[in-house]
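Chain residues, written in single-letter form:
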Amino acid sequence: LVPWFEELHKKGLDVVLLEDSAPAYKSRIATEFLEVSSINKLPWPGHSLDINALEHAWPWIRRPITKDFSPSTCESECRAHWLH
């Protein structure tokens, strides 16, 4: 990400990073990394439907997957869940 942003800056482009405020993106280490790297970030709400079209589909994706879900209790059950 940083080399790409640096190349864009060299071309005279003002770059702003757009990502939602999901926990992984707003962690202290991620925030500090962007500050140290001089990358500006546009604040945006977490799980924003504007950015991620897949967010609209999650209810339909989850329903059939979790309908008969039972958590794995050992490695063999975990493997069986992944294979079926």
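Residues numbered from 1 in each chain as written. Predicted model: local features only at pLDDT ≥ 70, side-chain atom pairs only at ≥ 80, totals over all residues. Heavy atoms only, no water.

Labelled according to an unreviewed UniProt entry, the chain appears under the name Tc1-like transposase DDE domain-containing protein, originating from Lentithecium fluviatile CBS 122367.

1. Focus on the confidence of the model for the chain
For clarity, the threshold we go by: A score between 0 and 100, pLDDT records how confident the predictor is in each residue. A run of H or I in DSSP becomes a helix once it reaches four residues, and a run of E becomes a strand once it reaches two; helices and strands are each numbered from the N terminus.
Averaged over all residues, the pLDDT of the chain equals 81, while 87% of them reach at least 70. When mean pLDDT is taken per element in the chain, helix α2 (residues 28-36) scores highest with 90 and helix α3 (residues 58-66) scores lowest with 76.

2. What about the environment of Ile 39?
The criterion, for reference: For this analysis, residues touch if any pair of their heavy atoms sits within 4.5 Å.
By secondary structure assignment, the location of Ile 39 is in the loop between α2 and β2 (40-42). Along the primary structure Ile 39 and Glu 6 are separated by 33 residues, whereas in three dimensions their C-alpha atoms are 9.3 Å apart. Ignoring any residue separated from it by four or fewer positions in sequence, one finds Ile 39 in contact with Leu 1, Val 2, Phe 5, Leu 17 and Leu 34.

3. Thoughts on the nonpolar core
For clarity, the cut-off: Take the buried residues of types Ala, Val, Leu, Ile, Met, Phe, Trp, Tyr and Cys, join any two whose side-chain atoms come within 4.5 Å, and each joined set is a nonpolar core. We call a residue buried when its accessible area falls under 20% of the maximum for its residue type, exposed when it is over 50%, and partly exposed in between, using a 1.4 Å probe and counting protein chains only.
Residues Val 2, Phe 5, Leu 8, Val 15, Leu 17, Leu 34 and Ile 39 constitute the largest nonpolar core, which totals 7 residues. Among the elements that line this core, the one with the most residues is helix α1 (residues 2-10), at 3 residues.

4. Looking at α1
Rules: What the arc covers is the set of directions going from the helix axis to the C-beta atoms.
Three or more residues of α1 are buried, namely Val 2, Phe 5 and Leu 8. Down the axis of α1, the smallest arc covering the buried residues is 125°, so these residues share one side. Relative to its buried face, α1 has exposed residues pointing more than 90 degrees away, namely Pro 3, Trp 4 and Lys 10. At its buried positions, α1 is contacted by β1 (16-18) and α2. Following α1 by one or two positions, Gly 12 adopts a phi angle in the positive range, close to 85°.

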